[in-house]
Amino acid sequence: FESPNPKLTFDSKSLYHWTIRRGCAFRNIRDDLLLSAYLLSVNSSEYTVEGLCAGYHTGRTAEGTEALEPEHKKLVEDCVNLLPLHETLRELIAQSGQEKLLHEIELPLSEVLASMEICGMEVDVQALKEYGKMLDERIAEYQSLIYQLAGESFNINSPKQLGEVLFEHLGLPARKKTKTGYSTSAEVLESLRGKHDIIDGILEYRKLTKLKSTYVDGLLKVVGADGRIHSHFNQTDTRTGRLSSTEPNLQNIPVRTELGSRLRAFFRARSGCKLVDADYSQIELRVLAHISADENMMNAFNSDEDIHTNTAAQVFHMPPDFITPEMRRRAKAVNFGIVYGIGAFSLSQDIGVSVAEADQYIKNYLDTFSGVRKYMEDTVSFAQENGYIATIFGRRRALPEITASNKNIVNFGKRVAMNTPIQGTAADIIKIAMIRVYHRLQKEGLQAKLILQVHDELIVEAPEHEVEQVHNLLQEEMQNAVKLRVLLKADVGEGKTWLDAK
């Protein structure tokens, strides 16, 4: 592993698991065929040596493997095929302009992710169990209330029984019918709010049961013998280049409700340490300002104004001091929605105004931020001409949808074309920041460890005497990860638990 020989591998992260645990280095990786294959085809759902050899017509047969056990035979065959596969993929990576992306971002990142998976994050198991008991009590209360309002007992978790109670016994207006009965989806229940008290009770009951089963029971199942949760970070899972996490999905811990956000209080630093949490401020909008080179948006960020208040002032043609919280909320919805190609109908639903009003907001926004309008038009044209879209670091996503015959599929393709360069570039930036933070912690001989990434947020576990140094280091590395036309801003906090550090 430590020799200067050039090495080819398939899934370097699993090899880093082996070397990091044994305290040895893993040097001179020329290529990770898994990562190369992902960069060349992010729309694929599975990558195997066998499948790639078939797809790229590079397959070779291993000689003299007759006496081997089946798993050893498979291993030898995979190894025999790495070199010819590498030669083909290397050429394609170069042709698509993704060499720097592979060698400066994805390959170094696999070591960082392996280290994070090994470290894990400590969980207060006892407090989590107590929280689960409290949820059970609340669930039982809501169950009784629902039975009382329904006038009967039934299985609330059965869509069929729930549908019969709501639409036949209580006579509520049915919205959708499926093959198995009435639809009781969240969307249907939301549309029935105010028609009967039972609806609020069911929605609350569902929230509580999801918290209990997915987060309390789910987290308790995966706590390791060391009292820590070791989430698995997937580097080849998303189409935009974002990381995803599984077993458990720590990127999905709810934050919008008070009860859900309390889950973060159960994730804590080990004894004698604190968590240092750094969060990019509005990174996707800053990337949009950079890519679109829109003067108004760049000026707002570079003069450190509140971007949503600034947008509201421009869209509503009023001085910033006259902008109400409601106006700011609407401007924020337009700001975030615009990069997803939001339409007037969706925006009207999000902010509770008429479709005509929402349409006017979008028009005013695009008139004000004309650079953004141009970016959206140019990006869609580029995707239509080339069949793919790219981030500023050259990460590509093929877009066959953009030339489909079905209008809905084409519209989806257009939305993806507008959003992928923004979300993908933001994902690339946070990956660069992770690599810089990881190596800087090592270079400065700190005991602190990078332990978690949640989209635009990084968490480092640091001994208390290192907290101030880590705070400054995180902010510096994240804010200087790349040079854009606008400043990158990272907000840093620290605390004993994830909740305190946010």
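Above: the structure in question.
Overview of the structure. Position labels on residues start from 1 in each chain and follow its written sequence. Restriction of local features to residues with pLDDT of at least 70 applies here, the model being predicted, together with a cutoff of 80 or more for giving and counting side-chain atom pairs; totals for whole chains, interfaces and linings are based on all residues. Working from all heavy atoms in the structure, the side-chain values ignore hydrogens and water.

1. Let's talk about the overall build of the protein
Defined as follows: Each helix is a run of DSSP H or I of at least 4 residues and each strand a run of E of at least 2, with the numbering of both proceeding from the N terminus. For a compact globule the rule gives 2.2 Å times the number of residues to the power 0.38, and the radius of gyration it is set against comes from C-alpha atoms. The cut-offs for exposure are 20% and 50% of the maximum accessible area for each residue type, with area from a 1.4 Å probe on protein chains only; residues under the lower value are buried, those over the upper are exposed, and the others partly exposed. Two residues qualify as a contact provided that any one of their heavy atoms is within 4.5 Å of a heavy atom in the partner residue. Here the Shrake-Rupley method, with its probe set to 1.4 Å, supplies the accessible areas, and only the displayed protein chains count as covering residues.
A tally of helices and strands in the protein yields 20 helices and 15 strands. Here the protein has a C-alpha radius of gyration of 26 Å; the compact-globule value for 502 residues is 23 Å, and the two agree. The buried share of the protein, reckoned over its 502 residues, is 49%. Residue pairs at least 24 apart in sequence account for 65% of intrachain contacts in the protein once pairs closer than 6 positions are excluded. On the protein, roughly 24200 Å² of surface is accessible, and the fraction owed to carbon and sulfur atoms is 49%.

2. Notes on a nonpolar patch on the surface
Convention followed: Two distance rules govern patches: like charges are joined within 9 Å, and nonpolar side chains (Val, Leu, Ile, Met, Phe, Trp, Tyr) within 5 Å, applied only to residues with over 30% relative accessible area and no salt bridge. Any carboxyl oxygen of Asp or Glu that lies within 4 Å of a side-chain nitrogen of Lys or Arg is treated as forming a salt bridge with it.
Residues Leu68, Val76 and Val80 make up a contiguous nonpolar surface patch of about 180 Å² in total accessible area. Its location among the elements puts Val80 in helix H4 (residues 70-95).

3. Considerations on the sheet that holds strand S15 (residues 490-495)
Whenever strands of a sheet pair, they do so through backbone hydrogen bonds, lying parallel or antiparallel. We count it as follows: DSSP-based pairing: two strands are paired if at least 2 bridges between them are found. Axes, fitted as lines to C-alpha atoms, cover a helix only where it is in contact. Angles between the N-to-C directions of the axes lie from 0 to 180 degrees.
Strand order in the open sheet formed by four strands is S13-S14-S10-S15, and the pairing between neighbours is antiparallel. In this open sheet, the two edge strands, each paired with only one partner strand, are strand S13 (449-454) and S15. On average, each strand axis in the sheet is tilted by 20° relative to the strand beside it, whichever way the strands run. The pairing of strand S10 (residues 273-280) with S15 spans six bridges and is antiparallel. Each bridged residue has a counterpart across the sheet, and for Asp277 the counterpart in S15 is Gly493.

4. Observations regarding the nonpolar core
Definition in use: Remark: nonpolar core denotes a set of buried residues (Ala, Val, Leu, Ile, Met, Phe, Trp, Tyr, Cys) joined through side-chain atoms within 4.5 Å.
Membership of the largest hydrophobic core comes to 144 residues, with the highest contact counts inside it found for Tyr280, Leu288, Ile338 and Tyr365. Broken down by element, this core gets its largest block of residues, 14 residues, from helix H18 (residues 407-443). Ala312, Ala313, Met327 and Ala331 belong to the second largest nonpolar core, which has five residues in total.

5. A look at the sheet that holds strand S9 (residues 267-268)
With respect to topology, three strands assemble into an open sheet ordered S6-S3-S9, the strand pairing being antiparallel. Edge positions in the sheet fall to strand S6 (228-229) and S9, since each has one partner strand and no second. In terms of strand pairing, strand S3 (residues 121-123) meets S9 through two bridges, oriented antiparallel. Looking at the pairing, Val123 lines up with Phe267 of S9.

6. Observations regarding helix H2 (residues 33-40)
Definition in use: Counted as a polar contact is a pair of N or O atoms within 3.5 Å, where, for protein atoms, one must be capable of donating a hydrogen and the other of accepting one, and residues adjacent in sequence contribute only when both atoms are in side chains.
For H2, the tally of buried residues reaches seven of eight residues, placing the bulk of the element in the interior. For H2, the set of buried residues is Leu33, Leu34, Leu35, Ser36, Ala37, Tyr38 and Leu39. With a side-chain oxygen positioned 3.0 Å from the backbone nitrogen of Leu34, the residue opening H2 is Asp32.

7. Notes on the pattern of salt bridges
The final tally for this structure, using the stated rule, is 30 salt bridges. Residue Glu284 is joined to Arg242 by a salt bridge in which the shortest nitrogen-to-oxygen separation is 3.6 Å. A residue pair is termed long-range when its members are at least 10 positions apart, and Glu284 in helix H11 (residues 283-292) and Arg242 in the loop between strand S7 (232-234) and strand S8 (244-246) qualify at 42 residues. Classification of Glu284 by relative accessible area gives buried; the value is 14%. Judged by its relative accessible area of 25%, Arg242 is partly exposed. For Asp367, the salt bridge is made with Arg373, and the minimal N-O distance between the two is 2.6 Å. A residue is classified by how much of its surface remains accessible, and Asp367, at 53% relative accessible area, is exposed. Several salt bridges converge on common partners, so that one network encompasses Arg436, Arg440, Glu444, Glu476 and Glu477.

8. Things to note about the packing of helix H3 (residues 49-56) against H4
Worth spelling out the cut-off: Geometric relationships in this document are graded by angle, where less than 35 degrees denotes roughly parallel, more than 145 denotes roughly antiparallel, 65 to 115 denotes roughly perpendicular, and other angles denote oblique. Crossing handedness is defined as follows: a turn of the near helix away from the far one that is anticlockwise and smaller than a right angle gives a left-handed crossing, while the clockwise case is right-handed. Each residue gets one of three labels, nonpolar for Ala, Val, Leu, Ile, Met, Phe, Trp, Tyr, Cys and Pro, charged for Asp, Glu, Lys and Arg, and polar for the others, Gly among them.
Relative to each other, H3 and H4 sit at 45°, their axes nearing to 9 Å. Accordingly, the angle class assigned to the pair H3 and H4 is oblique. Like other packed secondary-structure pairs, H3 and H4 cross with a definite hand, here left-handed. Residues Val49, Glu50, Leu52, Cys53 and Tyr56 of H3 form the contact with H4, whose own contacting residues are Lys74, Asp78, Asn81, Leu82, Leu85, Thr88, Leu89 and Leu92. For the contact of H3 with H4, the per-class residue count stands at eight nonpolar, two polar and three charged.

9. What about unusual backbone geometry?
Along the chain, Glu247 connects to Pro248 via a cis peptide bond; the corresponding omega equals 0°. Phi angles above zero are rare outside glycine, and Ala293 is one such case at about 50°. Position of Ala293 relative to the elements: it lies in the loop between H11 and helix H12 (295-302). Here His455, not a glycine, exhibits a phi torsion of approximately 55°, which is positive. With respect to the secondary-structure elements, His455 resides in the loop between S13 and strand S14 (457-463). What makes His455 partly exposed here is its relative accessible area of 25%.

10. Notes on the environment of Asn155
Positionally, Asn155 belongs in the loop between helix H6 (125-150) and helix H7 (159-169). Take Asn155: its relative accessible area is 35%, and that puts it in the partly exposed class. Measuring from C-alpha to C-alpha, the distance between Asn155 and Thr9 comes to 52 Å, with 146 residues separating the pair along the chain. If we ignore the near neighbours within four places in the chain, the residues touching Asn155 are Gln161 and Leu162.

11. Some remarks on the environment of Gly341
Locating Gly341 in the fold gives a position in the loop between helix H14 (325-338) and helix H15 (344-351). Along the chain, Gly341 and Ala312 lie 29 residues apart, while their C-alpha atoms are 19 Å from each other. Residue contacts for Gly341: discarding those within four places in its chain leaves Arg415 and Met418.

12. A short note on the packing of helix H16 (residues 355-368) against helix H17 (residues 370-386)
Direction vectors running N to C along H16 and H17 enclose 100°, while the axes themselves pass 4 Å from each other. Comparing the axis directions of H16 and H17 gives the class roughly perpendicular. Of H17, the residues touching H16 (which contributes Lys363, Tyr365, Leu366, Asp367 and Thr368) are Ser370, Val372, Arg373 and Met376. Looking at the contact of H16 with H17 residue by residue, the classes come out as four nonpolar, two polar and three charged.

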